[in-house]
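Fold and contact review
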Amino acid sequence: MNNPYLEYPIMVDKLKDIKLVRKLVYAFVGVFTYPGLAIINKLKISGTENIEALPKQNVLFVSNHQTYFADVIAFLHIFCAVKWGRKNRLGLPFYFLNPFVDVNIVAAEETMKDNLLTRIFTLAGAITIKRTWRAAGKDVKREVDTNDSSKINEALAKRWVITFPQGTTKPFAPGRKGTAHIIKTMKPIVVPVVINGFWRAFNRKGLRFKKKGTLLSVNFKEPLQINYEQTVEEILEQVMDAIEQSKQFMLKGKHHHEVSPA
């Protein structure tokens, strides 16, 4: 007798590759989350001119991370709005009538199995990976799963990918070398993104409000000029500087003294 729990990941992988399924998930998640981003709070977007003319594949967005889901959901809203010709604004969410879905999100496997809502969100195009340094809230050390890297590389060959080099919502946590390895291997266009305000507005999972009326900011910077022959360490350092999570940014600005959830 087949075990449905073993078949579930296979079924999800098949469904999330169907554009109609992803569009329906985007519409559901988008309509549900729009008020929290654009009405209950205020979303300030900048730099969308840096993503308007990007190719449809081999583009890697690297960003700091403040909540599990609210950050990513904001990105999806913005990508859809830009597809509909909006510049640095969302406007009304008519863009979910025909959303931009050619994007994948790198996410921790255990996070995406947390509950029914996270499993549904996986259908929006999450690439689930096993974290090598943390599991079930504890620090661990385990070997990198080469299959995880392959999944990200395959996604980049077809579409855009969003990743969070720190792999945690804790500010100024060290970046993970896996991101730099992917950059060296795939040589993508790398677009740094700097976000702020999300940890103030939402709980860690990004699904409940902590403080209403918060200014949320998303800034898309110009694509990085990367020497792909540099070492992994040098590429990672460039990425961390670009997303303003390196040591030189740690003490800059009042908002960097405030600590978001771990």
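For the structure, see preceding data.
Here the structure is a predicted model, which is why all the values come from computation and not from measurement.

A closer look at the packing of helix 2 (residues 19-38) against helix 3 (residues 70-83)
In a pair of packed helices, the angle between the axes and the distance between the axes together describe the arrangement. Two elements in contact, helix 2 and helix 3, have axes separated by 10 Å at closest approach and are oriented at 105°. One way to sum up the angle between helix 2 and helix 3 is to call them roughly perpendicular. On the side of helix 2, the interface is formed by Tyr26, Val29, Gly30, Thr33, Tyr34 and Leu37, while helix 3 contributes Ile73, Ala74, Leu76, His77 and Cys80. Its residues placed into classes, the contact of helix 2 with helix 3 shows eight nonpolar, three polar and no charged.

Examining the packing of aromatic side chains
Applying the stated criterion across every chain yields a total of 14 aromatic pairs. Ring geometry for phenylalanine 75 versus phenylalanine 79: centroids 6.5 Å apart, planes at 35°, classification tilted. Of this pair, phenylalanine 75 and phenylalanine 79 both sit in helix 3, four residues apart, which is roughly one turn of the helix. When sorted by exposure, phenylalanine 75 lands in the same class as phenylalanine 79, which is buried. Here the aromatic rings of phenylalanine 75 and phenylalanine 220 are separated by 6.0 Å at their centres, their planes lie at 50°, and the arrangement is tilted. Note that phenylalanine 75 is positioned in helix 3 and phenylalanine 220 in strand 9 (residues 215-220), a separation of 145 residues in sequence. By the burial criterion, phenylalanine 75 is buried, and phenylalanine 220 matches it. Aromatic rings pair up to connect Phe61, Phe75, Phe79, Phe100, Trp160, Phe164 and Phe220 into one cluster.

Digging into the nonpolar core
Within the largest apolar cluster, 49 residues are counted, with the highest numbers of intra-cluster contacts made by Phe61, Phe75, Phe79, Phe121, Phe198, Val218 and Phe220. The element best represented in this core is helix 3, accounting for eleven residues. Leaving out residues up to four positions away in the same chain, phenylalanine 121 has contacts with Val29, Phe69, Val72, Ile73, Leu76 and Met112. The next biggest cluster of nonpolar side chains, apart from the first, holds 22 residues, and it includes Leu60, Ala180, Leu224 and Ala242.

So, helix 7 (residues 177-186)
Within the sequence span of helix 7, burial applies to Thr179, Ala180, Ile182 and Ile183. Seen end-on, helix 7 carries its buried residues on one side only, within an arc spanning 155°. With its phi angle positive at about 50°, lysine 187 sits one or two positions after the end of helix 7.

Definitions and limits used
Residues numbered from 1 in each chain as written. Predicted model: local features only at pLDDT ≥ 70, side-chain atom pairs only at ≥ 80, totals over all residues. Heavy atoms only, no water. Axes fitted to C-alpha atoms, helices over the stretch in contact; angles between N-to-C directions. Helix = DSSP H or I, 4+ residues; strand = E, 2+ residues; numbered from the N terminus. Parallel < 35°, antiparallel > 145°, perpendicular 65-115°, else oblique. Contact = heavy atoms within 4.5 Å. Nonpolar A, V, L, I, M, F, W, Y, C, P; charged D, E, K, R; others polar. Phe/Tyr/Trp six-rings, centres within 6.5 Å; stacked < 30°, edge-to-face > 60°. Buried < 20%, exposed > 50% of the residue type's maximum accessible area, 1.4 Å probe, protein only. Core = buried A, V, L, I, M, F, W, Y, C linked by side-chain atoms within 4.5 Å. Arc of directions from axis to C-beta.

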